[in-house]
Amino acid sequence: MTRPDDTLHRRLRAATAPAHEGLEHALDWQARVATRAGYRGLLVRFYGFHAAYEPAIAAALADDAFLAPRLRLDALAADLRHLGLPEDSLAALPRPDPVFLAGPAAAMGALYVLEGSTLGGQVIGRHIAAQHGITGDGLAYYRAHGPRTGAMWAAFRARLDASSDEPAGEEAVTESAIATFEAMRAWLCEADAGEPRPAPGDLAILSSR
Ligand code: HEM
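Nothing here was measured: the structure is a model prediction, and the numbers come from that model.

Undergrad: Just checking my understanding: could you explain the overall build of the protein for this structure?
TA: When helices and strands are counted, the protein shows 10 helices and zero strands. Looking at the protein as a whole, 46% of its 209 residues are labelled buried. Counting contacts in the protein only where the partners sit at least 6 residues apart, residues at least 24 apart contribute 84% of the total. Element-wise, carbon and sulfur atoms account for 56% of the exposed surface of the protein, whose accessible area totals about 10500 Å².

Printed below as a string of structure tokens:
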């Protein structure tokens, strides 16, 4: 008999728990955001990741009304501008190879990872605010849905649980979520994804803010 609390979301959370733990550990986020340059370097990597995944999710999900408030590439661009990245550098930032998601279930799996990151992101955002005195501008990505985080997450979970009645759909969601966690870990934590070594002039821009 299926227990009422045995939902797709709960199974997905259990199936991806090791991937979440692995990413959280490998990310070493407190060290990465300890300096403004490090924080900016991390946002640069997130920018590339979202630039590759958001269009792929949009194409496979085909539900702009649901997706639009969850897209965060513009927030990343705004934060990077605030942290002194020249406008014309945005398009040239590194990004992973283009991503293909086969359909709505794969799109929901990838979006689960991006949307779930807004939860831990609240903790990280508060830390960055306290550490660097960045409160509004410059913190849009981590602020994400702000006070609406709980409601947005509840709506996402409801959609997830309603989206896949068949085992094949659930398998596609789960495979895609795990693959997205792994891709994010590789992209954020690979050898050359660490704190950039800014030119002296660049450092002056960062430290004057
Ligand atoms: C960027 C990397 C990260 C991604 C992609 C990510 C992804 C996720 C996902 C998908 C969930 C939802 C789990 C569920 O189904 O309930 C989640 C929850 C959570 N994450 Fe992360 N996470 C990341 C980094 C972190 C870090 C570094 C922390 C530590 C501060 C963290 C702390 C949490 C917490 C506390 C929750 C649970 C919140 C709650 O249940 O209310 N995450 N994360």
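From this point, the narrative continues.
Undergrad: Is there a simple way to explain helix α1 (residues 8–27) in this structure?
TA: Across its 20 residues, α1 extends 27 Å between first and last C-alpha, which sits within 8% of the 28 Å expected from 1.5 Å per residue. A bend of about 50° at T16 is the largest found in α1, and the proline P18 appears one to four places after it. Taken together, the buried positions of α1 are occupied by L8, H9, L12, T16, A19, G22, L23 and L27. Contacts made by the buried residues of α1 are with α2 (29–32), α3 (36–61), α6 (104–132), α8 (149–163) and α9 (167–189).

Undergrad: What is the right way to look at the packing of aromatic side chains in this model?
TA: Within a pair of aromatic rings, the relevant descriptors are the distance that separates the centres and the angle that separates the planes. Inspection of the entire model under this criterion finds nine aromatic pairs. Consider the rings of F66 and F156, whose centres lie 6.2 Å apart with planes at 25°: the pair is stacked. Remark: F156 occurs in helix α8 and F66 occurs in helix α4 (residues 64–67); sequence separation between them is 90 residues. The same class applies to F66 and to F156, which are both buried. Ring geometry for Y112 and W153: centres 5.9 Å apart, planes at 35°, overall tilted. Linking Y112 in helix α6 with W153 in helix α8, this pair joins segments that are 41 residues apart in sequence. Here Y112 falls in the buried class, since its relative accessible area comes to 8%. Each residue in the set Y39, F46, Y141 and Y142 is aromatic and connected to the rest through ring pairs, giving one cluster. Over the ring of W187 we find R45; its NZ or CZ atom is 3.8 Å from the centre of that ring. Just above the ring of F66 sits the side chain of R70; from NZ or CZ to the centre is 4.1 Å.

Undergrad: How do you make sense of the site of the ligand when you look at a structure like this?
TA: Lining the immediate surroundings of the ligand are 17 residues, of which H9, R13, H20, W29 and Y112 lie closest. Side-chain polar atom of R13 to an oxygen atom of the ligand: 3.3 Å apart, as the coordinates give it. One of the side-chain N or O atoms of Y112 is found 2.6 Å from an oxygen atom in the ligand. When residues of the shell around the ligand are assigned to their parent elements, the largest contribution, seven residues, is made by α6. Across the shell around the ligand, the residue classes break down as 10 nonpolar, five polar and two charged.

Undergrad: Looking at this structure, I do not really get the packing of α3 against α6. What am I missing?
TA: Two numbers describe a pair of packed helices, the interaxial angle and the distance between the axes. Contact geometry for α3 and α6: axes closest at 11 Å, N-to-C directions at 160°. With respect to α6, the axis of α3 lies roughly antiparallel. The handedness of the crossing between α3 and α6 comes out as left-handed. Here α3 contributes R36, Y39, F49, H50, Y53, I57, A60 and L61 to the contact with α6, which in turn contributes P104, A107, M108, A110, L111, L114, I128 and H132.

Undergrad: Can you walk me through the coordination of the iron atom of the ligand in this structure?
TA: Four donors placed tetrahedrally around a metal ideally meet at 109.5 degrees, and six donors placed octahedrally ideally meet at 90 or 180 degrees. Looking at the protein side alone, the iron atom of the ligand has one donor only, H20 (NE2), at 2.1 Å. The residue H20 is located in helix α1 in this model.

Undergrad: What should I look at first to understand unusual backbone geometry in this one?
TA: Residues apart from glycine generally show negative phi values, whereas peptide bonds are mostly found in trans. Non-glycine residue D28 carries a positive phi angle of around 50°. As for its placement among the helices and strands, D28 is situated in the loop between α1 and α2. Assessed through its relative accessible area of 46%, D28 is described here as partly exposed. Positive phi outside glycine occurs at A62, with the angle close to 50°. Mapped onto the elements of the fold, A62 is located in the loop between α3 and α4.

Definitions and limits used
- Residues numbered from 1 in each chain as written.
- Predicted model: local features only at pLDDT ≥ 70, side-chain atom pairs only at ≥ 80, totals over all residues.
- Heavy atoms only, no water.
- Helix = DSSP H or I, 4+ residues; strand = E, 2+ residues; numbered from the N terminus.
- Buried < 20%, exposed > 50% of the residue type's maximum accessible area, 1.4 Å probe, protein only.
- Contact = heavy atoms within 4.5 Å.
- Areas by Shrake-Rupley, 256 points an atom, 1.4 Å probe, with all protein chains shown as cover.
- Expected span 1.5 Å × (residues − 1).
- Bend = angle between axes of the 7 residues up to and from the residue.
- Phe/Tyr/Trp six-rings, centres within 6.5 Å; stacked < 30°, edge-to-face > 60°.
- Lys NZ or Arg CZ within 6 Å of the ring centre and 35° of its normal.
- Near = heavy atom within 4 Å.
- Polar contact = N/O pair within 3.5 Å; in protein donor to acceptor, adjacent residues only side chain to side chain.
- Nonpolar A, V, L, I, M, F, W, Y, C, P; charged D, E, K, R; others polar.
- Axes fitted to C-alpha atoms, helices over the stretch in contact; angles between N-to-C directions.
- Parallel < 35°, antiparallel > 145°, perpendicular 65-115°, else oblique.
- Left-handed = near helix turned anticlockwise from the far one by under 90°.
- Donors = N, O, S within 2.8 Å, 3.2 Å for Na, K, Ca; no water.

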